[in-house]
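# Tertiary structure, described
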Amino acid sequence: MKAWQIALPIGLAAAAAAAVAIISGKKNAEKPSAPAKGGAKKAEIKNAKTGVYSFVSGFSDASTVDVSVKYDGDKQSFDVIGEEFLTYSSDSHVAAIYGDEVDMQLEYAGYYSGEGFAELSEGIKNKFNAFGTVTYAGIDCIHYLDGNEMRICLPIPGDAYSYILVTVLKHGDCKTPVAELYTHPEVGAILDSIEFGK
C-alpha cells in the first residue's frame, strides 16, 4: 500500500477530531460560568441603616459579642425583641428584621461542650433536609430546612462558644421556594453586611 493511501485516512481523522474540538470549544464557551458559592443576587441597600444585636458568649472567659447588620431603612426595619419572637427561641432576646418579602430572626446559639462549627455542621447535615453551604461576608456558613423554616448558621470568627442562627420566614407573596430562601436578594444583602465585634 502506498504511503499517501495510509496518510489520507489518518489526515481525515485528525481533521475530524480538530473540527469536533472546535465545535465543543464553542459550546463550552457559550455555557454560563457556574455561580459563585452561594451565588445569590443581592438587593441594593439604598437608605442604609445599621442594627446591632449584642449577647454574652462564653463562660469563665465570657465576653460581649456585637453583631451588626445593614438594612434598607426605606423598606425594612430592625428591632431587638425579648418577646413575641418571629419563631421559637429559648434565648432571652433576638434580633428581628422585617423585610419586603421575608422576615429574619437572628439569635445566638451555643456549641455543645468540646464541639465547634465543623461538628455542628456534620450533625445538621445528617438530620435535616436541604443542607448546603453558602458564603456571606466572606464567612462560610451552612443552610438547612427545619420544617417550613429556612435556617442559616454563621460561625462567629474567633468565638469557640457561640454561632449565629438565622431563621428566614417568607411572606405570602414571596415566590422564592422555602428551600431556596438563602438565595433571596434581601437575605443576601443583609447577611453580606454582617460584622462582629467584641
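On a predicted model such as this, the values are computed, not experimentally measured, just so you know.

So, how was this worked out
Residues numbered from 1 in each chain as written. Predicted model: local features only at pLDDT ≥ 70, side-chain atom pairs only at ≥ 80, totals over all residues. Heavy atoms only, no water. Core = buried A, V, L, I, M, F, W, Y, C linked by side-chain atoms within 4.5 Å. Buried < 20%, exposed > 50% of the residue type's maximum accessible area, 1.4 Å probe, protein only. Helix = DSSP H or I, 4+ residues; strand = E, 2+ residues; numbered from the N terminus. Contact = heavy atoms within 4.5 Å. Phe/Tyr/Trp six-rings, centres within 6.5 Å; stacked < 30°, edge-to-face > 60°. Salt bridge = Lys/Arg side-chain N within 4 Å of Asp/Glu carboxyl O.

What follows covers the nonpolar core. Within the largest apolar cluster, 31 residues are counted, with the highest numbers of intra-cluster contacts made by Met-104, Ile-152, Val-166 and Val-168. Considering every element that reaches this core, the biggest residue donor is strand E2 (residues 63-72), with four residues. Setting aside its immediate chain neighbours within four residues, Val-168 contacts Val-102, Asp-103, Met-104, Glu-149, Met-150, Ile-152, Leu-181 and Val-187. With ten residues, the next largest nonpolar core counts Leu-120, Ile-124, Ile-142 and Tyr-163 among its residues.

Below, the discussion takes up the packing of aromatic side chains. Applying the stated rule across the entire model yields six aromatic pairs. What links up through ring pairs into an aromatic cluster is the set Tyr-53, Phe-55 and Tyr-108.

On inspection of all chains with the given rule, the structure shows two salt bridges. Between Arg-151 and Asp-146 there is a salt bridge, and its shortest N-O distance comes to 3.0 Å. Residue Glu-149 is joined to Arg-151 by a salt bridge in which the shortest nitrogen-to-oxygen separation is 2.8 Å. Residue Glu-149 shares its accessibility class with Arg-151, and that shared class is buried. Residues participating in the shared-partner salt-bridge network are Asp-146, Glu-149 and Arg-151.

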